[in-house]
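Structural features, examined
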Amino acid sequence: MRREPESMSTQTRLFEDLGFDSTTALELLMRLEDDFGFHADPETLAQHHFETIGSLTDYVLEQAGV
């Protein structure tokens, strides 16, 4: 499902609102790792990190040390 960025917020749900599946979520995470130069620790990664744009953003920032 394609949506305009302006229609999304930190509360937008990745699976329910954007139609993600597990493959899409992992592809996004790998892309974020490449683009922002961090490594996601599989020991800390949990399903709740993929609930919303905001929860994934918080996880990425934590892993990136920001």
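Our subject is the structure listed above.
Everything numeric here is computed off the predicted structure, so don't read it as measured data.

**Observations regarding the nonpolar core**
Residues Leu14, Leu18, Phe20, Ala25, Leu29, Leu32, Phe38, Ala40, Phe50, Leu56, Tyr59 and Val60 constitute the largest nonpolar core, which totals 12 residues. Breaking this core down by element, the ones donating at least two residues are helix H1 (22-36) and helix H2 (53-64). The residues contacting Val60, other than those within four sequence positions of it, are Leu32 and Phe38.

**Regarding the environment of Glu51**
Tracing the backbone shows Glu51 in the loop between H1 and H2. Spatially, the C-alpha atom of Glu51 lies 8.4 Å from that of Thr12, the residues being 39 residues apart in sequence. Residues contacting Glu51, with those up to four places away along its chain left out, are Thr12, Arg13 and Leu14.

**A look at the side chain of Thr12**
Locating Thr12 in the fold gives a position in the segment before H1. Among the polar contacts made by the side chain of Thr12, one reaches the main-chain amide nitrogen of Ser9 at a distance of 2.8 Å. Apart from the residues within four sequence positions on either side, Thr12 is in contact with Arg3, Asp17, Leu18, Glu51, Thr52 and Ile53.

**Let's talk about H1**
For H1, built from 15 residues, the straight-helix expectation of 21 Å at 1.5 Å per residue is met to within 8% by its first-to-last C-alpha distance of 21 Å. Of the surrounding secondary structure, the elements contacted by the buried residues of H1 are H2. Backbone nitrogen of Thr23 and a side-chain oxygen of the N-cap are separated by 3.1 Å at the start of H1; the cap is Asp21. The first or second residue beyond H1 is Gly37, which carries a positive phi of 65 degrees.

Here is what the cut-offs are and how they apply
- Each chain carries its own residue numbering, running from 1 in the written order of its sequence.
- The predicted origin of the model limits local features to residues at a pLDDT of at least 70 and limits the giving and counting of side-chain atom pairs to 80 or more, whereas totals for whole chains, interfaces and linings rest on all residues.
- The side-chain values count all of the structure's non-hydrogen atoms but skip hydrogen atoms and water molecules.
- Here, the term nonpolar core denotes a set of buried Ala, Val, Leu, Ile, Met, Phe, Trp, Tyr and Cys residues that are joined through side-chain atoms within 4.5 Å.
- When a residue's accessible area, from a 1.4 Å probe over protein chains only, is under 20% of the maximum for its type it is buried; when over 50% it is exposed; and in between it is partly exposed.
- Helix and strand assignments follow DSSP, with helices taken as H or I runs no shorter than four residues and strands as E runs no shorter than two, numbered in order from the N terminus.
- Between two residues, a contact is recorded if the distance between any of their heavy atoms is within 4.5 Å.
- Any pair of nitrogen or oxygen atoms within 3.5 Å is treated as a polar contact; in protein, a donor-acceptor pairing is required on top of that, and neighbouring residues in sequence qualify only through side-chain atoms on both sides.
- Here a helix's expected span is defined as the number of its residues, less one, multiplied by 1.5 Å.

Spatial relationships are all this shows, so hold off on functional conclusions.
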